[in-house]
Amino acid sequence: MPSDQPTSLEEIQASIAKLKITEQQLEATAEKYAKKMQSSRKWNYFAIAMAVVVCAVSWVNHASGWLRWGVLPSVLFMALFFEAMRRLLGVTMQSSMRQLKIQISGLETKLAEHQAASKNA
């Protein structure tokens, strides 16, 4: 058994309490980031719409090749990159919360074992 695992009943209860507080904080942070990412997605759509307008106007006015061929792909690449990072952050947050819940359930199981052993003794 590793030394960082709590063994006494009080240590297990304290660890469970700390982990539940951490879980609440992580859930609050995940909600905050979800709202920010939703706002960021709206700005990405706005940037894509503006790039489409710039490209259309540049084609009509026979502007430079960069305006006609470079702006839209660049903006699309950045929007797709930000979307991929948003999804990666979401997966990472979900994984962290899942690991935390597994850790809490393991400690609760250990707590139940301690309480059952103390009743039998």
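Everything that follows concerns the structure shown earlier in this document.
One structure accompanies this document, and this report is about it. (Residues numbered from 1 in each chain as written. Predicted model: local features only at pLDDT ≥ 70, side-chain atom pairs only at ≥ 80, totals over all residues. Heavy atoms only, no water.)

1. Points about helix H1 (residues 9-60)
Thought 1: If you check H1, its first and last C-alpha atoms are 76 Å apart, about what 52 residues at 1.5 Å a residue would give, namely 76 Å.
Thought 2: Ile-12, Ile-16, Leu-19, Glu-23, Leu-26, Ala-30, Asn-44, Ala-51, Cys-55 and Ser-58 are the residues of H1 that are buried.
Thought 3: Directly beyond the C-terminal end of H1, a positive phi value near 55° is found at His-62. (Helix = DSSP H or I, 4+ residues; strand = E, 2+ residues; numbered from the N terminus. Expected span 1.5 Å × (residues − 1). Buried < 20%, exposed > 50% of the residue type's maximum accessible area, 1.4 Å probe, protein only.)

2. So, the environment of Tyr-45
Thought 1: Note that Tyr-45 resides in helix H1.
Thought 2: Among the residues examined, Tyr-45 registers a relative accessible area of 55% and is labelled exposed.
Thought 3: It is 9.5 Å that separates the C-alpha atoms of Tyr-45 and Leu-76, two residues lying 31 residues apart in sequence.

3. A word on the pattern of salt bridges
Thought 1: This model, assessed by the stated rule, comprises four salt bridges.
Thought 2: Where Glu-83 meets Arg-87, a salt bridge forms, and the shortest distance between an N and an O atom there is 3.2 Å. On the criterion of helical spacing, the pair formed by Glu-83 and Arg-87 is a turn pair, its members being four residues apart in helix H2 (residues 65-120).
Thought 3: Here Arg-87 falls in the exposed class, since its relative accessible area comes to 54%. (Salt bridge = Lys/Arg side-chain N within 4 Å of Asp/Glu carboxyl O.)

4. Focus on the environment of Asn-44
Thought 1: Its location among the elements puts Asn-44 in helix H1.
Thought 2: In sequence terms Asn-44 and Glu-83 are 39 residues apart; their C-alpha atoms lie 8.8 Å from each other.
Thought 3: Beyond its immediate sequence surroundings of up to four residues, Asn-44 is in contact with Ala-79 and Phe-82. (Contact = heavy atoms within 4.5 Å.)

5. Observations regarding the packing of aromatic side chains
Thought 1: Within this structure, the stated rule accounts for four aromatic pairs.
Thought 2: For the ring pair Phe-77 and Phe-81, a centre distance of 6.5 Å and an interplane angle of 25° mean the geometry is stacked. Placement of both Phe-77 and Phe-81 in helix H2 is noted, with a separation of four residues, approximately one turn of the helix.
Thought 3: Residue classification places Phe-77 among the exposed residues on the basis of a relative accessible area of 59%. (Phe/Tyr/Trp six-rings, centres within 6.5 Å; stacked < 30°, edge-to-face > 60°.)

None of this, on its own, says anything about what the molecule does.
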